[in-house]
Amino acid sequence: MPNPRIKNEEQYEALRDKGYSKQKAARIANTPDAGKKGGKAKPYEEWTKAELYEQAKHVGIEGRSKMKKKELIHALRNN
């Protein structure tokens with residue numbers, strides 16, 4: 001029986017099959033643009049080091065102040 005609190009039941013089930021927790025799968029499936037292609041952000045290689053640093057700060061990457069640009073890109077992609 002479908003859960004009325006899940007907006008995109010098909011996506012929710014696919015995420016659960018991939019091993020996502022119930023909470024995370026529900027959070028993703030309930031986003032307004034769930035399942036749609038991502039934004040128009042430029043690749044990290046085109047960002048300045050300051051922009052990468054601010055993004056790393058926003059995401060909560062530790063040790064970012066000592067990282068070089070390539071290290072920041074790697075940390076952001078693998079966080």
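All figures in this text were calculated on a predicted structure; none of them were measured in a lab.

Caption draft 1: Quick peek at the overall build of the protein chain. When helices and strands are counted, the protein chain shows 4 helices and 0 strands. Mapped from its N terminus to its C terminus, the protein chain presents α and β elements in the order α-α-α-α. Within the protein chain, buried positions represent 23% of all 79 residues. For the protein chain, long-range pairs separated by at least 24 residues make up 20% of all intrachain contacts whose partners lie at least 6 apart in sequence. Summed over all atoms, the accessible surface of the protein chain reaches about 6600 Å², with 50% contributed by carbon and sulfur.

Caption draft 2: Here's a closer look at the packing of helix 1 (residues 9–17) against helix 2 (residues 22–29). It is at 9 Å that the axes of helix 1 and helix 2 come closest, and there the two elements cross at 145 degrees. The chirality of how helix 1 crosses helix 2 is right-handed. Of helix 2, the residues touching helix 1 (which contributes Gln11, Tyr12, Leu15 and Arg16) are Lys22, Ala25, Ala26, Ile28 and Ala29.

Caption draft 3: Structural detail: the pattern of salt bridges. Using the criterion set out here, one finds 1 salt bridge in the structure. A salt bridge links Glu45 to Arg77, with the shortest nitrogen-to-oxygen separation between them at 2.9 Å. Of this pair, Glu45 sits in the loop between helix 2 and helix 3 (49–59) while Arg77 is found in helix 4 (residues 69–77), placing the two residues 32 residues apart along the sequence.

Caption draft 4: Focus on helix 4. Every buried residue of helix 4 is listed here: Leu72, Ile73, Ala75 and Leu76. One face of helix 4 carries all of its buried residues, which in axial projection span an arc of 165 degrees. Of the residues in helix 4, the exposed ones pointing more than 90 degrees away from the buried face are Lys70 and His74.

Caption draft 5: Broad picture of helix 2. Looking only at helix 2, the buried set comprises Ala25, Ala26 and Ala29. Each buried residue of helix 2 lies within a common arc of 100 degrees when the element is viewed along its axis, so the set occupies one face. Residues of helix 2 that are exposed and point more than 90 degrees away from the buried face comprise Gln23 and Arg27. Looking at the buried side of helix 2, the elements it contacts are helix 1.

About the criteria used
Residues numbered from 1 in each chain as written. Predicted model: local features only at pLDDT ≥ 70, side-chain atom pairs only at ≥ 80, totals over all residues. Heavy atoms only, no water. Helix = DSSP H or I, 4+ residues; strand = E, 2+ residues; numbered from the N terminus. Buried < 20%, exposed > 50% of the residue type's maximum accessible area, 1.4 Å probe, protein only. Contact = heavy atoms within 4.5 Å. Areas by Shrake-Rupley, 256 points an atom, 1.4 Å probe, with all protein chains shown as cover. Axes fitted to C-alpha atoms, helices over the stretch in contact; angles between N-to-C directions. Left-handed = near helix turned anticlockwise from the far one by under 90°. Salt bridge = Lys/Arg side-chain N within 4 Å of Asp/Glu carboxyl O. Arc of directions from axis to C-beta.

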